[in-house]
Amino acid sequence: MSDYTLNDLARLVASRAGTSPDSSYTAKLLAGGPAKAAKKLGEEAVEAAIAAVQGDKAGLTAEAADVLYHLMVVLQAGGVSLDAVMAELERRTAQSGLAEKAARRHT
Ligand SMILES: N=c1c2ncn([C@@H]3O[C@H](COP(=O)(O)OP(=O)(O)OP(=O)(O)O)[C@@H](O)[C@H]3O)c2ncn1[C@@H]1O[C@H](COP(=O)(O)O)[C@@H](O)[C@H]1O
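All values reported here derive from a predicted model rather than from experimental measurement.

**Focus: the side chain of S24**
Along the chain, S24 falls in the loop between α1 (6–16) and α2 (25–31). A polar contact is formed between the side chain of S24 and the backbone nitrogen of A27, at a distance of 2.9 Å. Not counting residues up to four positions away in its chain, the partners in contact with S24 are R16 and T19.

Following this line, the structure appears as C-alpha cells:
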C-alpha cells in the first residue's frame with residue numbers, strides 16, 4: 001500500500017499557490033481561476049468514467065489520479081480545505097451509523 005495520501009497531495013497543491021505559473025503546472029491552473037480548474041476536473045472525471053465503463057484498469061488508474069489531483073486544485077481554488085470535505089464524510093458516516101442502529105431497534 002502506498003504511503004502517499006490525499007493530505008500530501010493537498011499540501012503539495014497548496015504549496016504551489018502564488019508561485020510562478022512558468023515553473024509549476026499547478027500554479028498555472030490556479031492562476032487560471034476556479035472556472036478553468038473546474039473545467040479540467042470535469043474533463044478528467046468523464047475520462048475516468050469512460051475508462052471504468054470500458055473495463056480499462058490501467059486507464060482508470062491514471063484517470064483516477066488525474067481526478068484526485070484536479071479535485072485538490074479545485075478545492076484550493078475554491079477555498080475549501082480537504083479537512084472540511086473529510087469532516088463532511090465523517091458526519092455522513094456517523095449519521096448512517098445512527099440510522100442503522102435505529103433500524104435495528106425497530107426490527
Ligand atoms: N498531476 C499532475 C499533472 N498532470 C498533468 N500535468 C502537466 O500537464 C501537462 C498536460 O497534461 P494533460 O495530460 O492533462 O494534457 P492536456 O489536457 O492536453 O493539457 P492542458 O489542457 O492541461 O494544458 C503534462 O505534460 C504535465 O506537465 C501535471 N502536472 C503536475 N501534476 C501534479 O502536481 C504536482 C506538482 O507539479 P507542479 O505544479 O508542476 O510543480 C506533481 O508532483 C503532480 O503530482
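**Quick look at the site of the ligand**
Lining the immediate surroundings of the ligand are L12, R16, S24, Y25, T26, K40, E44 and Y69. Between the ligand and T26, the relevant distance is 2.6 Å, taken from an oxygen atom to a side-chain nitrogen or oxygen of the residue. Taken together, the elements giving at least two residues each to the shell around the ligand come down to α1, α2 and α3 (34–53). The residue inventory of the shell around the ligand, partitioned by class, reads three nonpolar, two polar and three charged.

**Focus on α3**
Between its first and last C-alpha atoms α3 spans 28 Å; for 20 residues at 1.5 Å apiece the expected length is 28 Å, and the two agree. For α3, the full list of buried residues reads A37, L41, E44, A48 and A51. In a view along the axis of α3, the buried residues occupy a sector of 85 degrees, so they form one face of it. Exposed and oriented more than 90 degrees from the buried face of α3 are A35, K39 and V53. Looking at the buried residues of α3, the elements they touch are α4 (57–78).

**Some points on the confidence of the model for the chain**
Overall, the prediction assigns the chain a mean pLDDT of 95, with 100% of residues at 70 or greater. Overall fold confidence for the complex sits at a pTM of 0.90, while the interface term, ipTM, reaches 0.86.

**As for the packing of α1 against α4**
Between α1 and α4, the least distance of the axes is 9 Å, while the angle of their chain directions is 55 degrees. The pairing of α1 with α4 is recorded here as oblique in orientation. Viewed along their axes, α1 and α4 form a crossing whose handedness is right-handed. Between α1 and α4, the residues in contact are L6, L9, A10, V13 and A14 and L68, Y69, M72, V73 and Q76, respectively. By residue class, the composition of the contact of α1 with α4 is nine nonpolar, one polar and no charged.

**As for α4**
Under the 1.5 Å per step criterion, the end-to-end length of α4 is 31 Å for 22 residues, consistent within 8% with the ideal 32 Å. Within α4 the residues assigned to the buried category are G59, E63, V67, Y69, H70, M72, V73 and L75. Looking at the buried residues of α4, the elements they touch are α1, α2, α3 and α5 (82–105). N-cap assignment for α4: the residue whose side-chain oxygen lies 3.4 Å from the backbone N of A58 is D56.

The rules behind each value
Residues numbered from 1 in each chain as written. Predicted model: local features only at pLDDT ≥ 70, side-chain atom pairs only at ≥ 80, totals over all residues. Heavy atoms only, no water. Helix = DSSP H or I, 4+ residues; strand = E, 2+ residues; numbered from the N terminus. Polar contact = N/O pair within 3.5 Å; in protein donor to acceptor, adjacent residues only side chain to side chain. Contact = heavy atoms within 4.5 Å. Near = heavy atom within 4 Å. Nonpolar A, V, L, I, M, F, W, Y, C, P; charged D, E, K, R; others polar. Expected span 1.5 Å × (residues − 1). Buried < 20%, exposed > 50% of the residue type's maximum accessible area, 1.4 Å probe, protein only. Arc of directions from axis to C-beta. pLDDT = per-residue confidence, 0-100. Axes fitted to C-alpha atoms, helices over the stretch in contact; angles between N-to-C directions. Parallel < 35°, antiparallel > 145°, perpendicular 65-115°, else oblique. Left-handed = near helix turned anticlockwise from the far one by under 90°.

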